[in-house]
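Chains, contacts and geometry: an overview
The lines below spell out each chain.
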Amino acid sequence: MSEDATGLVLRDVHAGYGGQPILHGVSMTLRKGERKVVIGPNGSGKSTLMKTAVGLLRPLSGQILLNGQDVTALRASERARRGLTYVPQEANVFRNMSVLENLRIGHEFIAPRGGLAFAGRLEEVLRLFPEIRPKLGTTAGHLSGGQRQMVAMAAALMPDPTVLALDEPSAGLSPRNAELLFEIIHRIADSGVTLLLIEQNTRLGLGAADNGVVLVAGQVRLAAPTADILANENIRRLYLGGA
Ligand SMILES: Nc1ncnc2c1ncn2[C@@H]1O[C@H](COP(=O)(O)OP(=O)(O)OP(=O)(O)O)[C@@H](O)[C@H]1O
Ligand SMILES: [Mg+2]
């Protein structure tokens, strides 16, 4: 695959905390426009993988490429400016600020690439999230969990990223609200952004992705098209709890 066609590449990444490795040689490639979901047991290193990919955690070794360029040494803010934005698993909005202020921070924190005007970008993002248009003046902390998750994703989309990383967007949501949120994730993916998703709800996660990665104990146990993962009885029994 030519490097031009790749959105995000991890090459033999070892990473952890305090020098103790959690990821033991993880490699994966996201093509431009691909939707990839990472699944795996609690504590298997999914969030660690994402934090390393977005630049919050410096790998012990290995390489990370964004749109064909080596970004291993770049901080998260610099990777964001180059088109990789991220919604963390927890604490992903400013709860004491309004929805509009959250979106403005999402826009301004990252110096607009190519002079994206706020108003125009706001309209584009609200087209993906019509549900939050009536809530622009509401304090984010007063929203429901599902609405907060939408605001977090909308803020991450404000700088018009090429790659969006979402860590467990459905965490803490009711099954119905998780379904609704995933309808929006489908909308986001259809808008053309390359998507790296972590999701515990394997049915929803695999349903939103082209390809799946099963991470177990900090290693890629399986990487395959989601259709193959869902069709394979053994894989389902071993990794998906029969889901
Ligand atoms: N900041 C940290 N400092 C030290 N150890 C950490 C830190 N964050 C995570 N870990 C450890 O790294 C391992 C992997 O954690 P990680 O959060 O990446 O797992 P996960 O697959 O995202 O789990 P979950 O499904 O529960 O979100 C765990 O053993 C965890 O205790
Ligand atoms: Mg996690």
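That block above? That's the structure.
We now turn to the structure provided with this report.

What follows deals with the site of ligand 1. Lining the immediate surroundings of ligand 1 are 14 residues, of which Gly43, Lys46, Ser47, Thr48 and Gln200 lie closest. Thr48 places a polar side-chain atom, nitrogen or oxygen, 2.5 Å from an oxygen atom of ligand 1. At four residues, the largest contribution of residues to the shell around ligand 1 is made by helix H1 (residues 46–54). By residue class, the composition of the shell around ligand 1 is three nonpolar, eight polar and three charged.

Right, let's talk about the packing of aromatic side chains for a bit. What the rule picks out here adds up to zero aromatic pairs. Over the ring of Phe118 we find Arg104; its NZ or CZ atom is 4.1 Å from the centre of that ring.

Before going further, it helps to spend a moment on the environment of Phe94. On the secondary structure map, Phe94 appears in the loop between strand S6 (84–87) and helix H3 (99–108). Distance from Phe94 to Gly141, taken between C-alpha atoms, is 7.6 Å for residues 47 residues apart in sequence. If near-sequence neighbours (up to four positions away) are discounted, Phe94 is found in contact with Asn102, Ile105 and Ala140.

In this section: the pattern of salt bridges. On inspection of all chains with the given rule, the structure shows nine salt bridges. Taking the shortest distance from any N to any O, the salt bridge between Arg35 and Asp190 comes out at 2.7 Å. Of this pair, Arg35 sits in strand S3 (residues 35–39) while Asp190 sits in helix H6 (residues 175–190), and the two are 155 residues apart along the sequence. Under the relative-accessibility criterion, Asp190 is labelled exposed at 57%. Here Arg121 and Asp160 are joined by a salt bridge, their closest N and O atoms 3.5 Å apart. Of the two residues, Arg121 is situated in helix H4 (residues 118–128) and Asp160 in the loop between helix H5 (145–157) and strand S7 (163–167); the sequence distance between them amounts to 39 residues. Exposure remark for Arg121: the relative accessible area of 8% places this residue in the buried category. By sharing partners, the salt bridges in this structure join Arg31, Glu34 and Lys36 into a single network.

Before going further, it helps to spend a moment on the sheet that holds strand S9 (residues 211–216). In spatial order, the strands read S6-S7-S8-S3-S9-S10; together these six strands make up an open sheet with mixed pairing. One side of each edge strand has no neighbouring strand; the edge strands of this open sheet are S6 and strand S10 (219–225). Strand-to-strand, the axes of this sheet are offset by a mean angle of 15°, without reference to chain direction. Looking at chain direction, S7 and strand S8 (residues 194–198) are connected through five bridges and run parallel. Opposite Ala165, over in S8, you have Leu196 as the bridge partner. Each of S3, S7 and S8 is contacted by H6, which is oriented at about 150° to S8, the strand it contacts most.

Roughly 210 Å³ of internal volume is contained in the second largest pocket. What lines the second largest pocket is Gln89, Glu90, Ala91, Asn92, Val93, Arg95, Gly145, Arg148, Gln149, Ala171, Gly172 and Leu173. Residue composition of the lining of the second largest pocket, grouped by class: four nonpolar, five polar and three charged.

Here the focus is the nonpolar core. Membership of the largest hydrophobic core comes to 48 residues, with the highest contact counts inside it found for Leu103, Phe129, Met153, Leu164, Leu166 and Ile188. Ranked by residue count, the leading element in this core is H5, at eight residues. Not counting chain neighbours up to four residues away, the residues in contact with Leu166 comprise Met50, Val87, Met153, Ile185, Leu195, Leu196, Leu197 and Ile198.

As a further point, take the environment of Leu126. Here Leu126 lies in helix H4. Here the alpha-carbon distance between Leu126 and Met158, two residues 32 residues apart in the chain, equals 9.7 Å. Apart from the residues lying within four places of it in its own chain, the contact partners of Leu126 are Ile132, Arg133 and Leu136.

Buried within H3 are the following residues: Val99, Asn102, Leu103, Gly106 and His107. Taken end-on, H3 shows its buried residues confined to a sector of 140°, consistent with a single buried face. Structurally, H3 contributes buried residues whose contacts are with H4 and H5.

Protein coordination at the magnesium ion (ligand 2): the donors are Ser47 (OG) and Gln89 (OE1), at 2.1 to 2.3 Å from the metal. Residue Ser47 is located in helix H1, and its partner Gln89 is located in the loop between S6 and H3; the two are separated by 42 residues in the primary sequence.

Here is what the cut-offs are and how they apply
Residues numbered from 1 in each chain as written. Chains lettered and ligands numbered in written order. Predicted model: local features only at pLDDT ≥ 70, side-chain atom pairs only at ≥ 80, totals over all residues. Heavy atoms only, no water. Near = heavy atom within 4 Å. Polar contact = N/O pair within 3.5 Å; in protein donor to acceptor, adjacent residues only side chain to side chain. Helix = DSSP H or I, 4+ residues; strand = E, 2+ residues; numbered from the N terminus. Nonpolar A, V, L, I, M, F, W, Y, C, P; charged D, E, K, R; others polar. Phe/Tyr/Trp six-rings, centres within 6.5 Å; stacked < 30°, edge-to-face > 60°. Lys NZ or Arg CZ within 6 Å of the ring centre and 35° of its normal. Contact = heavy atoms within 4.5 Å. Salt bridge = Lys/Arg side-chain N within 4 Å of Asp/Glu carboxyl O. Buried < 20%, exposed > 50% of the residue type's maximum accessible area, 1.4 Å probe, protein only. Pairing = 2+ DSSP bridges. Axes fitted to C-alpha atoms, helices over the stretch in contact; angles between N-to-C directions. 1 Å grid on protein atoms, 1.4 Å probe; cavity = no way out; pocket = protein on both sides within 12 Å on 5 of 7 lines; lining within 4 Å. Points joined across faces, edges and corners; volume = space filled by probe spheres on them. Core = buried A, V, L, I, M, F, W, Y, C linked by side-chain atoms within 4.5 Å. Arc of directions from axis to C-beta. Donors = N, O, S within 2.8 Å, 3.2 Å for Na, K, Ca; no water.

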